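# Summary of structural features
Residues per chain, in single letters:
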Amino acid sequence: MWQTAFLSVLYSGKIPFAPGTWGSLVSVFLGLPLLYFSQETLFLLAVLLGGIAIKQITIYEQNGGMHDDKSIVIDELVGVWIAMSFINLHTLSMYEGIVAVALSFVFFRIFDIWKPSFIGKIDREVKGGLGVVGDDALAGFVAGICVLLVMTLWSIMQ
């Protein structure tokens, strides 16, 4: 029961259409108070939950669960929290903060779905929980860098 709630991010992964998008969206809202508190704390919790997720997904798969089951969206939480951890809300206006968080979500979903380069390689070649979480964690890093680039260009253009 707790494993299902954890792996599906409070059952958001059980939504029958676009579970990855729903899981990412729920994760953004779960991460916002943490991000407001500290971007470092959000990052460290993403790493901690990622480690727990790798272990739990591996156990799930060893017990007969399908590899990268669509209802498992804890990897989306890890990825979008990593992307969000690149944002320092305390240096941005409210409007800029909303834009930065929205961009984190959008860029993460783009890289999670598209899976370019090494992100796709990990998705295809790494098995178990590490493969499920690894590609999303890397998509989160790439998304976070893109958010930083866009927000930097935005500030230059102001």
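Residues numbered from 1 in each chain as written. Predicted model: local features only at pLDDT ≥ 70, side-chain atom pairs only at ≥ 80, totals over all residues. Heavy atoms only, no water.

## Looking at unusual backbone geometry
Although it is not a glycine, alanine 18 sits at a positive phi angle of roughly 50°. Looking at the element boundaries, alanine 18 is found in the loop between helix H1 (2–7) and helix H2 (19–37). Taking the relative accessible area as the measure of exposure, alanine 18 reaches 40% and is therefore partly exposed. A positive phi angle, close to 55°, is found at aspartate 68, a residue other than glycine. Along the chain, aspartate 68 falls in the loop between helix H3 (39–62) and helix H4 (74–84). (Helix = DSSP H or I, 4+ residues; strand = E, 2+ residues; numbered from the N terminus. Buried < 20%, exposed > 50% of the residue type's maximum accessible area, 1.4 Å probe, protein only.)

## Overview of the nonpolar core
Residues Leu35, Ile57, Ile74, Trp81, Ile87 and Phe111 are the most contacted members of the largest nonpolar core, which totals 38 residues. Looking at this core, the elements with two or more residues in it are H1, H2, H3, H4, helix H5 (94–114) and helix H7 (128–157). Leave out the neighbours within four places in its chain, and tryptophan 81 touches Ser27, Leu30, Gly31, Leu34, Leu42, Leu45, Ala46 and Leu49. (Core = buried A, V, L, I, M, F, W, Y, C linked by side-chain atoms within 4.5 Å. Contact = heavy atoms within 4.5 Å.)

## Let's talk about the packing of aromatic side chains
Going through the model one piece at a time under the given rule, you end up with 5 aromatic pairs. Aromatic side chains phenylalanine 43 and phenylalanine 141 sit 6.1 Å apart centroid to centroid with 65° between the ring planes, which places their arrangement in the edge-to-face category. With phenylalanine 43 in helix H3 and phenylalanine 141 in helix H7, this residue pair connects regions lying 98 residues apart in the sequence. When the centroid spacing of 6.2 Å and the interplanar angle of 85° are considered together, the rings of phenylalanine 86 and phenylalanine 141 count as edge-to-face. Here phenylalanine 141 lies in helix H7 and phenylalanine 86 lies in the loop between H4 and H5, a separation of 55 residues in the sequence. These aromatic residues form a ring-pair network of at least three members: Phe43, Phe86 and Phe141. (Phe/Tyr/Trp six-rings, centres within 6.5 Å; stacked < 30°, edge-to-face > 60°.)

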